[in-house]
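# Observations on chain architecture
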Amino acid sequence: MNDVWTRIKALKAHKGQRIADLLNDEDRNARLVVETGPFLFDASKTAIDGAALDGLLDLAADVAARRDAMFEGGRINETEGRAVLHTALRARGTLMLDGEDIMTGLSETRDRMRAFADDVRSGAFKGQGGAITDVVNIGIGGSDLGPAMATRALGPYHDGPRCHFVSNVDGADWADTAKGLNPETTLVIVASKTFTTIETMTNARTAWDWMAGTVDDPGTQFAAVSSAQEKTAEWGIDASRVFGFEDWVGGRYSMWGPIGLPIMLAIGPDGFDEFLGGARDMDAHFCDAPLEGNMPVLLALVGMWHHQVLGYPTRAVLPYDDRLARLPAYLQQLEMESNGKGVSMAGEPLEGPAGPVVWGEPGTNGQHAFYQLIHQGRTPVPCEFMVAAEGHEPELDHHHKLLIANCLAQSEALLKGRSHAEARANIANRFSGAELERQAAHRVFEGNRPSTTLIYPKLTPAALGGMVALYEHRVFVEGAILGINSFDQWGVELGKELATSLGPLVEGGDAFAKDTSTRRLLERLASWR
Ligand SMILES: O=P(O)(O)OC[C@H]1O[C@H](O)[C@H](O)[C@@H](O)[C@@H]1O
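The rules behind these values
- Residues numbered from 1 in each chain as written.
- Predicted model: local features only at pLDDT ≥ 70, side-chain atom pairs only at ≥ 80, totals over all residues.
- Helix = DSSP H or I, 4+ residues; strand = E, 2+ residues; numbered from the N terminus.
- Rg over C-alpha atoms; globule rule 2.2 N^0.38 Å.
- Buried ≥ 20, exposed ≤ 12 C-beta atoms within 10 Å, placed from the backbone.
- Axes fitted to C-alpha atoms, helices over the stretch in contact; angles between N-to-C directions.
- Parallel < 35°, antiparallel > 145°, perpendicular 65-115°, else oblique.
- Left-handed = near helix turned anticlockwise from the far one by under 90°.
- Contact = placed C-beta atoms within 7 Å.
- Nonpolar A, V, L, I, M, F, W, Y, C, P; charged D, E, K, R; others polar.
- Domains from an automatic or database assignment.
- Near = placed C-beta within 6 Å.
- UniProt positions renumbered as here; feature names shortened; annotations may be inferred.
- pLDDT = per-residue confidence, 0-100.
- Core = buried A, V, L, I, M, F, W, Y, C linked by C-beta atoms within 7 Å.
- Pairing = 2+ DSSP bridges.
- Expected span 1.5 Å × (residues − 1).
- Right-handed = clockwise from strand over helix to strand, strands pointing away.

### Considerations on the overall build of the protein
When its secondary structure is counted, the protein shows 20 helices and 15 strands. Whereas a compact globule of 529 residues would reach a radius of gyration of roughly 24 Å, the protein reaches 25 Å, a difference of no more than 12%. A principal-axis box enclosing the C-alpha atoms of the protein has dimensions of 80 × 60 × 60 Å. Within the protein, the fraction of its 529 residues that count as buried is 45%.

Rendered as structure tokens:
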């Protein structure tokens, strides 16, 4: 699709319409509101008119073929020569890859996870001091963000051992986590697809030493999750507690399989199945619904309208759901590591930007922090709101009503704004003349700012699974349209290599080969140690 940038440029002709006017067009509104499963996605508070939507849908014309290739195991991760089959982790039936039904191995692993989780949760699996009270997942990036986000999101369903997450190589992360833990009743999961990531290996070694201080055989209280099982054996972790996955599961797409073990330990295997089921339903919708009316496709096209067509550099994810506090961080990896690319699959520089900056915080907290910029800053920030119809605290339903009211108020405020005349009228009793004009100018809201809203009845395991799958497929659609590889991450390599070369210099080695700034920083840090 080498004319994609030409077509994106052509779409700019449709910009400039006021959202409030477009909202009067019921036919257009109906096309921008999609429902599936427990979700209603409303993209009508954007400046996309019917013709722009036609053009955007046209961009996505070839996505279906690529989508089918992904689900069928095509090697669409071309730079690494790999299939992209995280969807198989939540699928049913058979799926042949290189002459083998991969579903057999996947369900065997899931059965082993289930048995292990049941044993840990029931107390049949014991630490030296008895039943496991605490689980520490040691991993980073895709081996941390998904399970950390999901266990927080599903707090009301949590009836297993406490789950903790240590990711940062900063010793503070381990030290603060270990402080309240008893090694004799703690299970450590070392989660790393490659089992080479320096942060994870360093934290795992520290955890091992900590446990060895009290526990006779620390390996018995360690489990490992990896696609490099030969490396887990070197750690002395018994194969019965090693859960593998294949290289066709990308790290940031991996929580549906063994990387999700902390979720399974927290909410139980049945809850985990519901989580997978929600994602599977979204997969079915993505595969079966026509492009128009396809929720991930619409979410992707709205994203591209804002970033590639209108040039807005960022988008904010604003869950009015405190338990989704880690969702923005999770989506930062999912979206920015997948689509933060500069060249096409063929290695040609892109004519425009691929993925935007993704950021956010739960509402209402963000309102009291950065919404000032969202409402009055010069650069529009497309906002992606999400809110449940009900919370898990029926006795606190008045809180939830306030939450909903605030969520809807923000998208309404962004849409409507406040004119100079309105601002002036509000303060005309306090100011006059030039001072009235000046004060009013500070109280003007431009309005006409875009947002989308995703609503769902309740944040259940199934709803969370569906929501994450929705965003996974959104990333896929954007990447497919732009012709980039959403499944590699070469951009993280250089920093890793340089960190390796800087290690000895932090120890005091000769830094003559480094630039003058890096040398100065090294020298001053050394002088302070
Ligand atoms: O699971 P691991 O192999 O330890 O990798 C952990 C993370 O580190 C890498 O640098 C990648 O950027 C991430 O995509 C990955 O999730």
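There's more to say after this.
### Section: the packing of helix α5 (residues 63–71) against helix α18 (residues 461–482)
One way to put it is that α5 packs onto α18 with a least axis distance of 10 Å and a crossing angle of 120°. Considering the angle they form, α5 stands oblique to α18. Of the two elements, α5 crosses α18, and the hand of that crossing is right-handed. Listed contacts from α18 to V63, R66, R67 and M70 of α5 are F476, V477, A480 and I481. Per-class residue counts for the contact of α5 with α18 are 6 nonpolar, no polar and 2 charged.

### Details of the domain arrangement of the protein
According to the domain assignment, the protein consists of domain 1 (21–60 + 278–415 + 450–482), domain 2 (95–267), domain 3 (417–445) and domain 4 (498–527). With centres defined by C-alpha atoms, the gap from domain 1 to domain 3 works out at 33 Å.

### Quick look at the site of the ligand
Lining the immediate environment of the ligand, one finds 14 residues, of which G141, G142, S192, T197 and G251 sit closest. Across the shell around the ligand, the residue classes break down as 2 nonpolar, 9 polar and 3 charged.

### Comments concerning the UniProt feature "active site" (unreviewed entry) in the protein
Under the UniProt annotation, the feature "active site" (unreviewed entry) is placed at E337, H368 and K496. Spanning 160 residues, the named residues are also spread out in space, since their farthest C-alpha pair is 36.6 Å apart. Since 22 C-beta atoms lie within 10 Å of it, E337 is described here as buried. Within the secondary structure, H368 is located in the loop between β13 (357–359) and α14 (371–376). By C-beta crowding, H368 is classed as exposed, having 9 other C-beta atoms within 10 Å.

### Focus on the confidence of the model for the protein
The share of residues in the protein with pLDDT of 70 or more is 100%, and the mean pLDDT across the chain is 97. Complex prediction metrics read pTM 0.97 and ipTM 0.98.

### Section: the environment of E472
Along the chain, E472 falls in helix α18. The class of E472 is buried, set by 25 C-beta atoms lying within 10 Å. Residues E472 and S338, spaced 134 residues apart in sequence, show a C-alpha to C-alpha distance of 9.6 Å. Among all residues touching E472, those that are not within four sequence positions of it are Y253 and L334.

### Quick word on the nonpolar core
Among the nonpolar cores identified, the biggest contains 133 residues, and I138, V188, I189, L298, L301 and L464 are the most heavily contacted of them. At 14 residues, α18 tops the list of elements feeding residues into this core. Not counting the four nearest positions on each side in its chain, V188 is found in contact with V136, I138, A207, M211, Q221 and F222.

### Digging into the sheet that holds strand β11 (residues 242–244)
Across the sheet, 5 strands lie side by side as β8-β7-β9-β10-β11; this open sheet has parallel pairing. Edge strands, defined here as strands with exactly one partner in the open sheet, are β8 (162–166) and β11. Each strand of the sheet is rotated relative to its neighbour by a mean of 20°, with strand direction disregarded.

### Describing unusual backbone geometry
Cis rather than trans, the peptide bond between G363 and T364 has omega equal to 10°. The residue T364 is located in the loop between β13 and α14 in this model. Residues other than glycine seldom take positive phi values, yet F195 does so here, at roughly 55°. For F195, the location among the structural elements is in the loop between β9 (186–191) and α9 (198–212).

### Here's the deal with helix α20 (residues 516–528)
For the α-helix, the turn length of 3.6 residues means that residues three or four positions removed from each other point alike. Taking 1.5 Å of rise per residue, the 13 residues of α20 would be expected to cover 18 Å, and the 19 Å separating its terminal C-alpha atoms lies within 8% of that figure. Counting buried residues along α20, only 0 of its 13 residues qualify, which leaves the element largely exposed.

### Quick look at the environment of G508
One can find G508 in the loop between α19 (493–506) and α20. On the basis of neighbour count, G508 is assigned to the exposed category, with 10 C-beta atoms found within 10 Å. Between the C-alpha atoms of G508 and L522, which are 14 residues apart in sequence, the distance is 8.7 Å.

### Observations regarding the sheet that holds strand β15 (residues 451–456)
One open sheet holds the 6 strands; their spatial order is β1-β2-β15-β14-β12-β13, and the pairing between them is mixed. Looking at strand neighbours, the two that pair on one side only are β1 (33–36) and β13, the edges of this open sheet. Across the sheet, the axes of successive neighbouring strands diverge by a mean angle of 15°, strand direction being ignored.

### Thoughts on the environment of D217
Structurally, D217 can be placed in the loop between α9 and β10 (222–226). D217 sits 19 residues away from G236 along the chain, and the two C-alpha atoms are 9.8 Å apart.

### Some words on the pairing of strand β12 (residues 314–320)
Among the 7 residues in β12, 6 count as buried, and that is most of the element. One ladder, built from 3 bridges, connects β12 with β13; its direction is parallel. Bridged to R315 within β13 is V358. Tracing the backbone out of β12, into helix α13 (residues 327–339) and back to the parallel element β13 gives a crossover that is right-handed. Sheet topology places β12 next to strand β14 (residues 383–388); 5 bridges connect them, and they run parallel. Bridging from a neighbouring strand, Y320 pairs with V387 of β14.

### Description of the pairing of strand β2 (residues 39–42)
Only one face of β2 is buried, namely the one carrying F39 and F41, since none of L40 and D42 on the opposite face is buried. Hairpin connection, β1 to β2: the antiparallel pair is bridged by 2 residues, and G37 has positive phi, about 50°. Here β2 runs beside β15; their pairing, made up of 3 bridges, is antiparallel. Bridge pairing in β15 links D42 to T453.

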